[in-house]
Amino acid sequence: MWTNSFKKALFVTGGLFFMGIAHAQYLRTSYFMEGTSSRLQLNPGLQPTIGYFNIPVIGSFNIGASSNVLGISDIIAVLDSGSELFSNDDLYGRLKEDNRLNVNLNTDILSFGWYKGKGFWNVNVGLRTDIGASIPKNMFEYLRDADRFNLESGTLQGNISNMNLDINAYAEVGLGYSHPINDKLTVGGRLKVLLGIARAEMQVDEFTVDMNIPQNPENPDSWNNSYGGYTNAKAHILTSIKGGGLSFTDTHDSYGNAIRQINGFDFDGSGFGISGAGFGVDLGASYKLLDNLTFSAAVLDLGFINWKGSSTTVASIDESSKIEINQNNYQEYLSGDFLNLERFNLVEDKEAASSYKTRLSSTFLLAGEYAFLNNKVSVGAMYSIHFVQPKTLNELTLSATVRPKSWFNAAFSYSPIQAEGKSFGLALKLGPVFVGTDYMYFGNSSKSVNGFIGISVPMGGSKPLTDEI
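Just so you know, these numbers come straight off a predicted model, no measurement behind them. (Residues numbered from 1 in each chain as written. Predicted model: local features only at pLDDT ≥ 70, side-chain atom pairs only at ≥ 80, totals over all residues. Heavy atoms only, no water.)

(A) Summary view of the overall build of the protein. Regarding its fold elements, the protein presents five helices and 24 strands. Across the 469 residues of the protein, 52% fall into the buried class. (Helix = DSSP H or I, 4+ residues; strand = E, 2+ residues; numbered from the N terminus. Buried < 20%, exposed > 50% of the residue type's maximum accessible area, 1.4 Å probe, protein only.)

(B) Here's a closer look at the pattern of salt bridges. With the rule as written, the count across this model stands at 14 salt bridges. Lys 192 is paired through a salt bridge with Glu 172; the nearest N and O atoms lie 3.6 Å apart. Placement of the pair is Lys 192 in strand β6 (residues 185-212) and Glu 172 in strand β5 (residues 155-180), with a sequence separation of 20 residues. The exposure classification of Lys 192 matches that of Glu 172, with both residues buried. Between Asp 301 and Lys 192 there is a salt bridge; the shortest N-O distance is 2.4 Å. With Asp 301 in strand β13 (residues 293-307) and Lys 192 in strand β6, this pair connects stretches of sequence that are 109 residues apart. According to the relative accessible area criterion, Asp 301 is buried, its value standing at 2%. A relative accessible area of 1% means that Lys 192 is categorised as buried. (Salt bridge = Lys/Arg side-chain N within 4 Å of Asp/Glu carboxyl O.)

(C) Spotlight on the pairing of strand β20 (residues 393-405). As paired elements, strand β19 (residues 377-386) and β20 share 10 bridges and run antiparallel to each other. By the bridge assignment, Ile 385 is partnered in β20 with Asn 394. Of the pairings in the sheet, the one linking β20 to strand β21 (residues 408-414) comprises six bridges and is antiparallel in character. Residue pairing across strands places Ala 400 opposite Phe 412, the latter belonging to β21. In sequence, β20 turns back onto β21 through a hairpin of two residues. (Pairing = 2+ DSSP bridges.)

(D) Structural detail: the packing of aromatic side chains. With the rule as written, the count across this model stands at 11 aromatic pairs. Taking the centre distance of 5.4 Å and the plane angle of 25° together, the rings of Phe 412 and Phe 424 count as stacked. Placement of the pair is Phe 412 in strand β21 and Phe 424 in strand β22 (residues 423-430), with a sequence separation of 12 residues. A relative accessible area of 19% places Phe 424 in the buried class. Ring-pair connections join several aromatic residues into one group, and the members of that group are Tyr 52, Tyr 115 and Phe 120. Lying across the ring of Phe 304, Lys 357 places its NZ or CZ 4.6 Å from the centre. (Phe/Tyr/Trp six-rings, centres within 6.5 Å; stacked < 30°, edge-to-face > 60°. Lys NZ or Arg CZ within 6 Å of the ring centre and 35° of its normal.)

(E) Inspection of helix α5 (residues 137-147) at higher detail. By the criterion of burial, α5 is predominantly enclosed, with eight of the 11 residues buried. Buried within α5 are the following residues: Lys 137, Asn 138, Met 139, Phe 140, Tyr 142, Leu 143, Arg 144 and Ala 146.

(F) Quick look at a nonpolar patch on the surface. Together, Phe 61, Ile 63, Leu 105, Trp 407, Leu 428, Leu 430, Val 433, Val 435 and Ile 453 line one region of the surface with nonpolar side chains, adding up to about 700 Å² of accessible area. Sorting the residues of the nonpolar patch by element identifies β2 (61-67), β22 and β23 (433-441) as the ones contributing at least two each. Along the chain, Leu 430 turns up in strand β22. (Patch = residues over 30% accessible without salt bridge, like charges linked within 9 Å, V, L, I, M, F, W, Y side chains within 5 Å. Areas by Shrake-Rupley, 256 points an atom, 1.4 Å probe, with all protein chains shown as cover.)

(G) Focus on the nonpolar core. Grouped together as the largest cluster of nonpolar side chains are 42 residues, with contacts concentrated most on Tyr 142, Leu 156, Phe 207, Val 209, Met 211 and Leu 346. Of the residues forming this core, the biggest block, six residues, is contributed by β6. Counting 10 residues, the second-largest nonpolar core is a separate cluster that includes Tyr 26, Leu 42, Leu 46 and Leu 365. (Core = buried A, V, L, I, M, F, W, Y, C linked by side-chain atoms within 4.5 Å.)

(H) View of unusual backbone geometry. With a phi angle near 55°, Leu 373 is a residue other than glycine that sits in the positive phi range. Structurally, the position occupied by Leu 373 is in the loop between β18 (363-372) and β19. Notably, Asn 375 is not glycine yet its phi reads approximately 70°, a positive angle.

(I) Expanded view of the side chain of Ser 378. Mapping Ser 378 onto the fold places it in strand β19. A polar contact of 2.7 Å, which involves the side chain of Ser 378, links it to the side chain of Glu 369. Contacts of Ser 378, omitting those with residues within four sequence positions, involve Phe 32, Glu 369, Tyr 370, Ala 371, Phe 372, Ser 399, Ala 400, Thr 401 and Arg 403. (Polar contact = N/O pair within 3.5 Å; in protein donor to acceptor, adjacent residues only side chain to side chain. Contact = heavy atoms within 4.5 Å.)

(J) Molecular detail of the environment of Leu 46. Of note, Leu 46 is situated in the loop between α2 (39-42) and β1 (50-54). Here the alpha-carbon distance between Leu 46 and Phe 120, two residues 74 residues apart in the chain, equals 9.3 Å. Setting aside anything within four residues of it in sequence, one finds Leu 46 in contact with Tyr 31, Arg 39, Leu 40, Ser 178, Ser 286 and Ser 296.

(K) Structural view of the confidence of the model for the protein. Confidence in the prediction for the protein averages 81 pLDDT; 79% of positions are at 70 or higher. Under a pLDDT of 50 for its full length, residues 1-24 has, in the predicted model, 72 contacts with residues more than four places off or in other chains. (pLDDT = per-residue confidence, 0-100.)

Structural data, given as structure tokens:
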């Protein structure tokens, strides 16, 4: 059986799928706000008007996610469904053939930046979490049929394919620097050391259930014999966590062969540690084409993490293996928990539990800005591409920014793609406090939302004037 802690963790992930709580990896509305440090997360070639020290953890906290399926009104429907979730026809009708979710959570435990001569230095120590999921509609079709199953009808058939879940959590230690080459061009970069904390991956390529229970004519609620059907599966689950991972029980398959079947998720008591290591780099630049017209571009999170084989556990099943369903195990296939992995009959795969490498979810962005009123007000546009699994995300952000002082900046934005044109963004820096979101709803059906909060204090001087460069 799965341990309660692991089932809760999976349940939270499943809840995120339904709710689609958050998409921006960083707050795009802040891109043209020169008084904020958050713009450095989007382009290390940009410079704030003054150095800063962010209050630990809450000084730079960002959460974002998007779903191609459900909006705010659907969240309410999910919460109200309770045990009738899979029999909710209205909710079921909103699902697509491929239902996707992406979630990002970023916070800096420590971050600060300062001017030194013509250049700007910044340091950050942060935690990053990326979640990507794709759950096909046929998974819900199967669970709806399982929810309605009874011994009187005695039949259940289903086919699930192309379902996956990826979770990556890692720490980041970064050192950034930007420098004006001349009065038009500024370039910058950030080198990052990455420390892998945890990774989980689940992939279901194929899962078929064909259950036909022969009834006992004298007792319709009982089995007539032990044979009730079969499953045919190709799937695997992988975890890389120091001091924890999948646990297994020694048992036998239907042919009498000794196997180690997955039965839960355990920690050995040593606590979390480093499960992998790698490197990353951010690159950015801005170019002032005219006095009031500036173009900029950046590539973020180019890098990898190499995960240790000693921290990795793998369970899998091959599609050629057919598992008999009988009166001892048939309840596993009727579970309404779509994250119940027992139904896949996964067994330990020692050969696959070796070191491996994963790439970061990179981002490319291109932006243009026109400023007027002595650079106190500007309008701008930014196009970003976020290379995440299972599918790349695109966004166009149009914004208007007011920045009369370094301690007061405000921005209004509109993003038509991920929010389907049904939301707007708003960000405000007032003294040391900065808050913002790219998605505030016009209605209840928007499928993206994010939020950022930051608290910082000035440090390390101000940006040199143009004629000083």
